[in-house]
Amino acid sequence: MPEYLDQIVSYVCRTNFNDLPQPVVLRAKEVLADTLAVIASGAQEEEVKALTGRLVDPIAKPVATLVGPGTRTEPLKAALINGTAGTFLELDEGNQFGRGHPAIHVVPAALAVAEEGRRSGQELLTALVLGYEIGTRIGIACKIRMSMHPHGTWGTVGAAVAVGKLMGYDEAAMKEMINVSSSLGLATSRKTMLEGGTVRNVYSGVSNFMGVLSHQLVQSGFTGEADGLKTVYGSVVSDTFSPEVMTDELGRRFEIARNYFKMHACCRYNHGTLDALERILAKRPLKAEEVRSVDVETYSLAAQLCDRNPQNMLAAKFSIPFAVATLIVHGRTDVSCFSPQAVRTDAIQALAKRVEVKEDPKLTAMMPARRPSRVTVTLKNGEKLEAEVTMNKGDFEDPYGPADLEKKYFSLADPVWGHAKAEQIRSHLIAADKIKDINQVTSLIAPISSASGGAG
């Protein structure tokens, strides 16, 4: 077995809650609260409701919480549905170093298994940190093909590691878990996000499903290859995989502590442009009818988001012209600004057609350390308004504070649960390390029926 794989397996298996630094524990609690609120809000979308109705049998092992509906189902389906709901609004946290969204690939699977096994809050937080760690490090160690979407790839391994940790796997079983799950990622397509193909939203749900399924496979005797990570991430979805990255400062640098949170309800590649535009609007509020044109110069990946006429909510979230127009018209970029009704707003559609997005190679050269954007608004009276940023607000270098995260949580959770219950749920999550059975928290969302039982 490759030495690096021995090292990460040994680290995962021997690490317990008391080994985690307090700042890491605090960040894990914030990630857990943020992710559950994002899932709850995303679960209100019609596609998620329809999928839940088709998949869920209310009498089949109802032990794992469906965060939005407030009901329970079997762990595999809870992992799939919650993981899918969590990406619908484009508000799930991410990690700029791993170039993906680790938490939404780990939390649903870990939560479902923790509920079934009646695990403690400390056990859930530890599994979250470790699953997040290994998944993100795979993203750092390789460079996934540009034609692929990062959802549904290395997150599958992150979910599997979290599940294995919750199940108390020894090193031999954890190795098998990693090698089996490494082959269960999807052949994802980046074009889905650009064209508004909402199949993209299920990628993270499938990763969570596969993370739980990996446990069932390993326990059933299925095996993987000797080093699935190196094969899949060194020659299948990527041509480069650096094993040394997997162990660099392992146990000293925690990837969950280097994450970012999102406030704009759209693709992160939009955020630099929106941050720059907000600087302009803070000095000079604008009306759509005043604007002759908006020119955006940005880095290569962001410049791909140039669709001036997105046809649905997902496409709008991956359109800089739409995001710019909706910020000017509404003065904000929350969930409501990207609703199906908002996408069809005449004033926003008309203004989006006056937004031009171009790549500036000098800005592209600043990646990956920076995510720059330059915005120039030209008014009909000839006045020009300009602003430039070099990083997104909320990134590791410029993080949102606790008050920002709390405000975001309640903006998403209150409409689903009501403020009193949302506040109660959050207070439990922020004190999760004191919880003896995670069902003490989730029972506030979905009461436990007499048929739910315990660990199987």
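Reading the values: the criteria
- Residues numbered from 1 in each chain as written.
- Predicted model: local features only at pLDDT ≥ 70, side-chain atom pairs only at ≥ 80, totals over all residues.
- Heavy atoms only, no water.
- Helix = DSSP H or I, 4+ residues; strand = E, 2+ residues; numbered from the N terminus.
- Buried < 20%, exposed > 50% of the residue type's maximum accessible area, 1.4 Å probe, protein only.
- Contact = heavy atoms within 4.5 Å.
- Areas by Shrake-Rupley, 256 points an atom, 1.4 Å probe, with all protein chains shown as cover.
- Lys, Arg positive; Asp, Glu negative; His and termini not counted.
- Charge placed at Lys NZ, Arg CZ, Asp CG, Glu CD.
- Pairing = 2+ DSSP bridges.
- Axes fitted to C-alpha atoms, helices over the stretch in contact; angles between N-to-C directions.
- Salt bridge = Lys/Arg side-chain N within 4 Å of Asp/Glu carboxyl O.
- pLDDT = per-residue confidence, 0-100.
- Expected span 1.5 Å × (residues − 1).
- Phe/Tyr/Trp six-rings, centres within 6.5 Å; stacked < 30°, edge-to-face > 60°.
- Lys NZ or Arg CZ within 6 Å of the ring centre and 35° of its normal.
- Core = buried A, V, L, I, M, F, W, Y, C linked by side-chain atoms within 4.5 Å.

Re the overall build of the chain
Point 1. For the chain, the count of helices and strands is 22 helices and six strands.
Point 2. Projected onto its principal axes, the C-alpha positions of the chain cover 70 × 45 × 40 Å.
Point 3. In the chain, which comprises 456 residues, the proportion classed as buried is 59%.
Point 4. Considering only residue pairs separated by 6 or more positions, the chain has 78% of its internal contacts joining residues 24 or more positions apart.
Point 5. Element-wise, carbon and sulfur atoms account for 53% of the exposed surface of the chain, whose accessible area totals about 17,200 Å².
Point 6. Measuring between centres, the 50 positive side-chain charges of the chain sit 3 Å from its 52 negative side-chain charges.

Brief notes about the environment of Glu423
Point 1. With respect to the helices and strands, Glu423 occurs in helix α21 (residues 419–430).
Point 2. Here Glu423 falls in the partly exposed class, since its relative accessible area comes to 43%.

Quick notes on the sheet that holds strand β6 (residues 384–389)
Point 1. In space, the four strands of this open sheet follow the order β4-β3-β5-β6, with mixed pairing throughout. The open sheet has two edge strands with one neighbour each: β4 (355–359) and β6. Taking each pair of neighbouring strands and ignoring which way they run, the sheet shows an average axis angle of 15°.
Point 2. Examined bridge by bridge, strand β3 (residues 291–298) and strand β5 (residues 373–379) share seven bridges and lie antiparallel to one another.

What to know about the pattern of salt bridges
Point 1. Tallied over the full model, the rule gives 27 salt bridges.
Point 2. For Glu46, the salt bridge is made with Lys49, and the minimal N-O distance between the two is 3.8 Å. Of the two residues, Glu46 and Lys49 are both situated in helix α3 (residues 46–55); the distance of three residues between them amounts to about one turn of the helix.
Point 3. Here Lys49 falls in the partly exposed class, since its relative accessible area comes to 43%.
Point 4. Across the salt bridge formed by Arg284 and Glu383, the nearest N and O atoms sit 3.7 Å from each other. Of this pair, Arg284 sits in the loop between α13 (271–283) and β3 while Glu383 sits in the loop between β5 and β6, placing them 99 residues apart in sequence.
Point 5. Accessibility expressed as a relative area gives 25% for Arg284, which makes it partly exposed.

As for the confidence of the model for the chain
Point 1. When pLDDT is averaged along the chain, the result is 94, and 97% of the positions lie at 70 or above.
Point 2. Across residues 450–456, confidence stays below pLDDT 50; counting only partners more than four residues off in sequence or on other chains, it has 10 contacts.

Focus: α13
Point 1. Given a rise of 1.5 Å per residue, 13 residues ought to cover 18 Å, and the 19 Å separating the end C-alpha atoms of α13 matches this to within 8%.
Point 2. The secondary structure elements touched by the buried residues of α13 are β3, α16 (320–330), β5 and β6.

Here's the deal with the packing of aromatic side chains
Point 1. The full count for this structure, using the stated rule, is five aromatic pairs.
Point 2. For the ring pair Phe322 and Phe338, a centre distance of 5.6 Å and an interplane angle of 50° mean the geometry is tilted. Of this pair, Phe322 sits in helix α16 while Phe338 is found in the loop between α16 and α17 (340–343), placing the two residues 16 residues apart along the sequence.
Point 3. Taking relative accessible area as the criterion, Phe322 reaches 1% and is therefore assigned buried.
Point 4. According to the relative accessible area criterion, Phe338 is buried, its value standing at 0%.
Point 5. Centre to centre, the rings of Tyr409 and Phe410 are 5.1 Å apart; their planes meet at 85°, and the pair counts as edge-to-face.
Point 6. Directly above the aromatic system of Tyr260 lies the positively charged group of Arg268, at a separation of 4.2 Å from the ring centroid.

Here's the deal with the side chain of Glu115
Point 1. Counting through the fold element by element, Glu115 comes out in helix α5 (residues 102–116).
Point 2. Here Glu115 falls in the buried class, since its relative accessible area comes to 2%.
Point 3. Setting aside residues no more than four positions away along its own chain, Glu115 makes contact with Val63, Ala64, Thr65, Arg72, Ile438, Asn439 and Thr442.

Digging into the environment of Val161
Point 1. Its place among the elements puts Val161 in helix α7 (residues 155–166).
Point 2. On the basis of relative accessibility, which here comes to 0%, the residue Val161 falls in the buried class.
Point 3. The spacing of Val161 and Met174 is 13 residues in sequence and 7.2 Å in space, taken between C-alpha atoms.

Re the pairing of β6
Point 1. Only one face of β6 is covered, namely the one carrying Leu385, Ala387 and Val389; the face carrying Lys384, Glu386 and Glu388 has none of its residues buried.
Point 2. In this sheet, β6 lies alongside β5 in antiparallel orientation, the contact comprising six bridges. Each residue of the ladder has a partner; that of Ser373, found in β6, is Val389.
Point 3. In this antiparallel pair of consecutive strands, β5 and β6, the connection spans four residues, and Gly382 shows a positive phi of 95°.

Details of the nonpolar core
Within soluble globular proteins, side chains that are nonpolar tend to cluster in buried spots.
Point 1. If you look at the biggest cluster of nonpolar residues, it comprises 143 residues, and the most contacted ones within it are Leu229 and Val377.
Point 2. Considering each element in turn, this core owes the most residues, 11 residues, to helix α2 (residues 22–42).

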